[in-house]
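A closer look at the structure
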Amino acid sequence: MRKNFGAKPILYPQPVFIIAAYDENGKANAMNAAWGGVADANKIMICISPGHKTTKNILLKKEFTVSMGTADQVVACDYVGMVSGNDVPDKMEKAGFHTTKAEFVDAPVIDELPMALECKLLSYDTEEHILIAEVVNVNAEESILGENGKIDVAKLRPIVFDAQGSAYCVVGEKVGNAFKDGAALK
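None of the values given here were measured: they were computed from a predicted structure.

**A look at the pattern of salt bridges**
Inspection of every chain in the model, using the stated rule, returns six salt bridges. A salt bridge links Lys 27 to Glu 93, with the shortest nitrogen-to-oxygen separation between them at 3.8 Å. Note that Lys 27 is positioned in the loop between β2 (17-22) and β3 (28-33) and Glu 93 in helix α3 (residues 91-95), a separation of 66 residues in sequence. Under the relative-accessibility criterion, Lys 27 is labelled partly exposed at 34%. Across the pair Asp 72 and Arg 157 runs a salt bridge whose closest N-O atoms are separated by 3.4 Å.

**Describing the packing of aromatic side chains**
Centre-to-centre distance and the angle between the planes together describe a pair of aromatic rings. Following the criterion strictly, the structure yields one aromatic pair and no others. Judged by centre distance (6.1 Å) and plane angle (50°), the rings of Phe 161 and Tyr 168 are tilted.

**What to know about the state of the cysteines**
A complete count under the given rule lists zero disulfides for this structure. Residue Cys 77 stays outside any disulfide, its sulfur separated by 14 Å from that of Cys 169, the closest cysteine. Relative accessible area serves as the criterion here: at 0%, Cys 77 is assigned to the buried category.

**Description of the sheet that holds β3**
Strand order in the open sheet formed by seven strands is β3-β2-β6-β9-β10-β5-β4, with antiparallel pairing between adjacent strands. The sheet terminates laterally at β3 and β4 (36-40), the two strands that pair on one side only. Neighbour-to-neighbour, the strand axes of this sheet turn through a mean angle of 35°, independent of strand direction. Inspection of the sheet shows strand β9 (residues 115-125) paired to strand β10 (residues 130-140) by ten bridges, in the antiparallel sense. The residue bridging Tyr 124 from the neighbouring strand is Leu 131, located in β10. The sheet contacts of helix α2 (residues 74-82) involve β2 and β3, and relative to β3 the element is tilted by about 95°.

Rules used throughout
Residues numbered from 1 in each chain as written. Predicted model: local features only at pLDDT ≥ 70, side-chain atom pairs only at ≥ 80, totals over all residues. Heavy atoms only, no water. Salt bridge = Lys/Arg side-chain N within 4 Å of Asp/Glu carboxyl O. Helix = DSSP H or I, 4+ residues; strand = E, 2+ residues; numbered from the N terminus. Buried < 20%, exposed > 50% of the residue type's maximum accessible area, 1.4 Å probe, protein only. Phe/Tyr/Trp six-rings, centres within 6.5 Å; stacked < 30°, edge-to-face > 60°. Disulfide = S-S within 2.5 Å. Pairing = 2+ DSSP bridges. Axes fitted to C-alpha atoms, helices over the stretch in contact; angles between N-to-C directions. Contact = heavy atoms within 4.5 Å.

Shown next, in the form of structure tokens:
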């Protein structure tokens, strides 16, 4: 038997994105957002409302970074989603986040988060609050790379948001091989 929950966007997983951008004075700000994902081969989509300090910064600068929230930084990642840079100007410092300028865009990379997408704004729909961005580079700390030189999700330990349980869960257990295991049914 199944239980109905109504018309709600309950999807799993909901990645925890930490979005960072500079303001008009070059000060870094970041926020936590879980409504987003891949929009095309080199594009992402994020749903964020216009009142956020980070949204204002992105619209001003047209460039930003998106880091994956991680299990090691869950407290800081949650914090930057709980307070607004409009009200708490030193929220990055309170979170314990330090930044370095990204190599390919004019935006901050959060040093404590080992993977970041460097993005350029393509569009922002002020009615639907949908942001579309081009990913111009992905950077990752060598500590999260596997023997094959690619990002190892088990080392990254990204977190996802569970809206039903108001929780963060870690991703990393391998349960199959994409584009291979299903061949057994052919």
